[in-house]
Amino acid sequence: MKKGILAIAGLAVIAIIARKAQRRKAFVKGIFDEYDVKERTPFGFADRIRTLTDDEYDGLKNKFKTEFQSKCCHAKKAS
């Protein structure tokens, strides 16, 4: 009985992790398309970043911050 419950819980965790990885992969693919990165490698992406203006770079940086920031463990801000 306990093994069955643990197996179901394990499968649920794996499904959640896979869904999150799939969403992040789609996000990165969208970034590559939006910023017209031809070479889909870290080096190609770095080359494209070097050609961005400061405003474009700040926008890209903010997109990554909002997508990859941790959703838990944030201290509540005082009002």
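Here is a short report on the structure shown in this document. (Residues numbered from 1 in each chain as written. Predicted model: local features only at pLDDT ≥ 70, side-chain atom pairs only at ≥ 80, totals over all residues. Heavy atoms only, no water.)

1. Here's the deal with helix 1 (residues 2-34)
- Helix length check: helix 1, at 33 residues, gives a terminal C-alpha distance of 48 Å against a target of 48 Å (1.5 Å per residue), a fit within 8%.
- If you check which residues of helix 1 are buried, you get Phe27, Ile31 and Phe32.
- Against helix 2 (42-50) and helix 3 (54-68) lie the buried residues of helix 1.
- Among the residues trailing helix 1, Asp36 stands out with phi positive, at a value near 55°. (Helix = DSSP H or I, 4+ residues; strand = E, 2+ residues; numbered from the N terminus. Expected span 1.5 Å × (residues − 1). Buried < 20%, exposed > 50% of the residue type's maximum accessible area, 1.4 Å probe, protein only. Contact = heavy atoms within 4.5 Å.)

2. Thoughts on the packing of aromatic side chains
- Taken as a whole and judged by the stated rule, the model has five aromatic pairs.
- Here the aromatic rings of Phe27 and Phe64 are separated by 5.4 Å at their centres, their planes lie at 85°, and the arrangement is edge-to-face. Taken together, the residues span a long stretch of sequence, with Phe27 in helix 1 and Phe64 in helix 3 at a distance of 37 residues.
- Overall, Phe27 belongs to the buried group, its relative accessible area being 18%.
- The class for Phe64 is partly exposed, based on a relative accessible area of 23%.
- Between Phe27 and Phe68, the ring centres sit 5.6 Å apart and the planes meet at 80°, which makes this aromatic pair edge-to-face. Remark: Phe68 occurs in helix 3 and Phe27 occurs in helix 1; sequence separation between them is 41 residues. (Phe/Tyr/Trp six-rings, centres within 6.5 Å; stacked < 30°, edge-to-face > 60°.)

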